[in-house]
Amino acid sequence: MADHATRGDGRLRLFVGIGLPDRLAMEAAAATAPLRARYPDARWVPVESLHVTLAFLGPVAKSQRPWIEDRVREVAGTAEAFPTAITGVGGFPSMTGARVLWLGLDDPGDRCGELARAVQEALSPKFPKESRPFTPHLTVARSPRSLDLRDPGDASPAGKHFNVDRISLFRSHLGRPEPRYEELAAFPFRGSVVRS
């Protein structure tokens, strides 16, 4: 199935986010395996695509990509690396009627929030800022039916630590059985290097 945002019109479905180190992505997937087994009909985000969305841009003309990358590079160049950790399983709109399953992130000092606001401000001349409060999280699955997450069973992702040391521009490829997110460019923070 073709990505509806790119059908012959030269547009890419883009967002800016924080990608997970491979080690942490694998640990998060292993920790949520009991939920994957319990809810096999949910659309689970592939392990290699786990991320924190900072700014969703939507369908964007390819010609705008250099401008976007310049703005995101500027934000990254002024940021410093900071630690965070996965705090546990959550659901939206509620734990008893979840249609979206996510893993929350510890955000001491609102560092993820500051980063999201800085990215959105840098892109605001051409893209609207998010009006809802920012809550750092990793979306791990979307469900066609409401799920009860009050008892996550053996799922135990809490305590998985990592350093946020870059932000990336991603492209969404919509499709089934699950969407795919492609990292187009990575921008290391001041004094950091891009992970390979």
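Caption draft 1: Representation of the sheet that holds strand β6 (residues 137-147). Taken in spatial order, the five strands line up as β2-β6-β5-β4-β7 in an open sheet, and their pairing is antiparallel. Each edge of the open sheet carries a strand with a single partner, namely β2 (43-44) and β7 (161-164). Bridging between β2 and β6 involves two bridges; their strand directions are antiparallel. Paired with R43 across the bridge in β6 is R142. Against the sheet, helix α1 (residues 22-31) engages β4 (82-92), β5 (98-105) and β7, with an angle of about 140 degrees to β7.

Caption draft 2: Structural view of the nonpolar core. Counting residues in hydrophobic clusters, the biggest one holds 54 residues, and the most contacted among them are L57, I68, L115 and I167. Ranked by the residues each element gives to this core, the list is headed by helix α4 (residues 111-123), at six residues. Sequence-distant contacts of L57, defined by excluding residues within four places in its chain, comprise L14, F15, V16, I68, L123 and F127.

Caption draft 3: Spatial organisation of the pattern of salt bridges. Applying the stated criterion across every chain, the model contains eleven salt bridges. As a salt-bridge pair, R23 and E27 come within 3.2 Å of each other at their nearest N and O atoms. Of this pair, R23 and E27 are both found in helix α1, four residues apart, which corresponds to roughly one turn of the helix. R23 gets classed as partly exposed once you look at its relative accessible area, which sits at 45%. We note a salt bridge from D41 to R145, for which the minimum N-O separation is 3.1 Å. Of the two residues, D41 sits in the loop between α2 (33-38) and β2 while R145 sits in strand β6, which places them 104 residues apart along the sequence.

Caption draft 4: Structural detail: the pairing of β6. Taken together, the six bridges between β5 and β6 define a ladder with antiparallel strand orientation. Within β6, the position partnered with G104 by the bridge is H137.

Caption draft 5: Looking closely at the packing of helix α3 (residues 65-78) against α4. Running from amino to carboxyl end, α3 crosses α4 at an angle of 140 degrees, the nearest separation of the two axes being 9 Å. Accordingly, the angle class assigned to the pair α3 and α4 is oblique. The chirality of how α3 crosses α4 is right-handed. Contacts between α3 and α4 involve W67, I68, R71 and V75 from the former and L115, A118, V119, A122 and L123 from the latter.

Caption draft 6: How the structure looks around the environment of E74. Within the secondary structure, E74 is located in helix α3. Classification of E74 as partly exposed rests on a relative accessible area of 48%. For the pair E74 and V119, spaced 45 residues apart in the sequence, the C-alpha separation amounts to 9.2 Å. At 3.2 Å, the side chain of E74 and the side chain of R71 are in polar contact.

Caption draft 7: Looking closely at the pairing of β7. Of the two faces of β7, the one lined by F162 and V164 is fully buried and the one lined by H161 and N163 carries no buried residue. Bridging between β4 and β7 involves four bridges; their strand directions are antiparallel. Its bridge partner being in β7, P83 is matched across the sheet by N163.

About the cut-offs
Position labels on residues start from 1 in each chain and follow its written sequence. The predicted nature of this model means local features are confined to residues of pLDDT at least 70 and side-chain atom pairs, given and counted, to a pLDDT of 80 or more, with totals for whole chains, interfaces and linings taken over all residues. Side-chain numbers here rest on the full set of heavy atoms in the structure, without hydrogens or water. Each pair of strands is called paired provided DSSP finds at least two bridges between the two strands. The secondary structure listing takes helices from DSSP runs of H or I that are at least 4 residues long and strands from runs of E that are at least 2 residues long, numbered from the N terminus. Note on definitions: a residue-residue contact is assigned when non-hydrogen atoms from the two residues lie within 4.5 Å. Interaxial angle, 0 to 180 degrees, is taken between N-to-C directions of lines fitted to C-alpha atoms, where a helix line uses only the stretch in contact. In this text, buried Ala, Val, Leu, Ile, Met, Phe, Trp, Tyr and Cys residues form a nonpolar core when linked through side-chain atoms within 4.5 Å. When accessible area is computed with a 1.4 Å probe and restricted to protein chains, residues below 20% of their type maximum are described as buried, those above 50% as exposed, and intermediate ones as partly exposed. Salt bridges are defined by distance alone: a side-chain nitrogen of Lys or Arg within 4 Å of a carboxyl oxygen of Asp or Glu. For classification purposes, angles smaller than 35 degrees are called roughly parallel, those larger than 145 roughly antiparallel, those between 65 and 115 roughly perpendicular, and all remaining angles oblique. Crossings are assigned a handedness: left-handed for a near helix turned anticlockwise from the far helix by less than a right angle, right-handed for a clockwise turn. Pairing of N or O atoms within 3.5 Å defines a polar contact, subject to two protein rules: one partner must be a possible hydrogen donor and the other a possible acceptor, and residues neighboring in sequence count only if both atoms are side-chain atoms.

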